[in-house]
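Inside the fold
Listed here are the chains, written in short residue letters.
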Amino acid sequence: MHQFMSPVSISLCSSQKSLHSNIHSHSTPACTSPPDSMMMSNYGGQRLLVVDCCYCQTQLQLPSVSPIYIVGTSVRCGRCYASTRVASPGFPRSPYSAVPYYVPINPPPHAGFPHRSPGPPPNVHRQKKAVICGISYRYSRHELKGSINDAKNMRYLLMSKFKFPEDSICMLTEEETHPYKIPYKNNIRMALDWLVQGCQPGDSLVFHYSGHGSRQLDYDGDEVDGYDETLCPLDFETQGMIDDDEINAAIVRPIPHGVKLHAIIDSCHSGTILDLPFLCRMNMGGIYVWEDHRPPSGVWKGTSGGEVISISGCDDYQTSAETSALSKITSTGAMTFCFIQAIEHGQAATYGSLLNSMRSTIRSMGSAGGGSGGAVTSLAGMLLIGGNVGGGRLRQEPQLTACEPFDVYTKPLAL
């Protein structure tokens with residue numbers, strides 16, 4: 001299983017919105033070696049270390065370290081997804097590499113006039129970004145009918161209800177035409193890197209996944225139940241699954257103070273898929289306690305000061321289903337449908353009301369026992385039965401995990 005790469009070798013993406021509007025154009029790329037990659041200008045501004053994308057020439061911001069530490073590493077472009085190798089000046093380089101250089105940030109209009117009144121306060125969220133992954137595994141015995149529907153519905157929800165810009169949402173489905181947006185294992189990894197790269201206080205990030213999930217034995221002692229939970233990329237049979245340790249390292253631990261990330265995971269065995277330290281254990285009456293799921297090994301699974309909350313389709317030992325009995329129109333993941341319905345019906349003012357609404361909808365469907373059968377989104381279940389589960393009964397309980405405990409009935413839901 002792939003291990004989380006060190007910061008030096010992480011694929012990075014461009015912070016295009018800020019760079020395109022603020023940087024000066026350069027004439028002769030050159031790499032100098034000051035103590036930091038950010039230097040004060042005459043106007044009190046800063047200089048950034050960047051490299052040009054080898055394919056589309058977008059300027060890609062590099063980490064705030066001396067250039068000697070990033071020569072030989074690769075940078076992933078957030079616009080065209082090409083990978084550019086950081087080259088050293090004076091040495092032969094390929095068409096897929098480029099030499100880094102510094103660009104100054106334009107001074108603000110009021111530079112040199114400290115007594116000028118400040119502008120309006122910044123927005124609550126500086127930037128909103130989302131990665132939405134829906135995998136149908138079409139033409140295989142693991143095929144799911146509702147995952148791509150889930151992805152499209154989630155994109156519409158984020159855009160219409162939470163005002164996510166369309167160009168800030170990265171869709172990964174088999175229907176995408178760009179090769180880097182097919183939900184292969186490596187593409188999902190790159191998308192998660194893009195999601196958190198360059199995040200700043202006030203940012204709101206979302207990761208939604210609808211597809212198969214599984215679990216495997218934990219060999220590093222950081223799981224209370226002895227199992228790692230996993231997501232199954234489109235090519236999982238040849239490239240392997242993505243386990244919760246890798247997901248935690250990719251999108252939980254890097255989150256800095258002031259940044260909020262929500263994960264909405266519609267798959268089997270997904271209760272602690274982000275390996276967050278605390279799980280909200282709620283009974284049918286809505287009474288809850290926070291369970292401590294910090295690893296026995298003592299390894300840190302929290303953030304770097306930010307907030308991460310995960311809403312998942314079921315407990316670690318349960319399976320999730322997709323069904324047409326809820327929408328009455330087409331197949332959807334039961335959890336994704338209930339999540340969207342709770343928000344659209346005004347039943348998600350707080351995390352507690354959201355969780356209760358989702359569970360109530362699923363329980364009512366399960367007790368009714370009618371409707372069409374649901375396809376189990378557990379890899380193990382699909383391998384064993386190779387198809388649908390009849391009966392229409394949904395036996396799953398959506399779960400809530402977080403990096404820190406909070407009052408679920410007073411904390412408002414805000415994506």
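Whatever comes next refers back to the structure up there.
Presented here is a report on the structure given in the accompanying data block. Quantities reported herein were computed from a predicted structural model and do not represent experimental measurements. (Residues numbered from 1 in each chain as written. Predicted model: local features only at pLDDT ≥ 70, side-chain atom pairs only at ≥ 80, totals over all residues. Heavy atoms only, no water.)

With that out of the way, let us pick up helix α5 (residues 244-251). For α5, a buried count of 8 out of 8 residues is recorded, marking the element as mostly surrounded by other parts of the structure. Among all positions in α5, only Asp-244, Asp-245, Glu-246, Ile-247, Asn-248, Ala-249, Ala-250 and Ile-251 are buried. As for α5, its buried residues are in contact with α3 (185-196), β9 (204-210), β11 (227-231), β12 (242-243), β13 (260-266) and β16 (307-312). (Buried < 20%, exposed > 50% of the residue type's maximum accessible area, 1.4 Å probe, protein only. Helix = DSSP H or I, 4+ residues; strand = E, 2+ residues; numbered from the N terminus. Contact = heavy atoms within 4.5 Å.)

With mixed pairing, 8 strands are arranged side by side in an open sheet as β8-β7-β9-β13-β16-β21-β14-β15. This sheet does not close on itself; its edge strands, each paired only once, are β8 (169-172) and β15 (288-292). Each strand of the sheet is rotated relative to its neighbour by a mean of 15°, with strand direction disregarded. Sheet topology places strand β7 (residues 128-134) next to β9; 7 bridges connect them, and they run parallel. Looking at β9, one finds that Ala-130 is bridged to Val-206. Most of the contacts of helix α2 (residues 147-161) go to β7, to which it runs at about 165°, and overall it touches β7, β8, β9 and β13. Most of the contacts of helix α6 (residues 334-344) go to β13, to which it runs at about 130°, and overall it touches β9, β13 and β16. (Pairing = 2+ DSSP bridges. Axes fitted to C-alpha atoms, helices over the stretch in contact; angles between N-to-C directions.)

A word on the pattern of salt bridges. Counted according to the given criterion, the structure contains 11 salt bridges. A salt bridge links Glu-175 to Arg-138, with the shortest nitrogen-to-oxygen separation between them at 4.0 Å. Here Arg-138 lies in the loop between β7 and α2 and Glu-175 lies in the loop between β8 and α3, a separation of 37 residues in the sequence. Residue classification places Glu-175 among the partly exposed positions, given a relative accessible area of 42%. Residue classification places Arg-138 among the partly exposed residues on the basis of a relative accessible area of 32%. (Salt bridge = Lys/Arg side-chain N within 4 Å of Asp/Glu carboxyl O.)

Take it as geometry only, folks, not as evidence of what the structure does.
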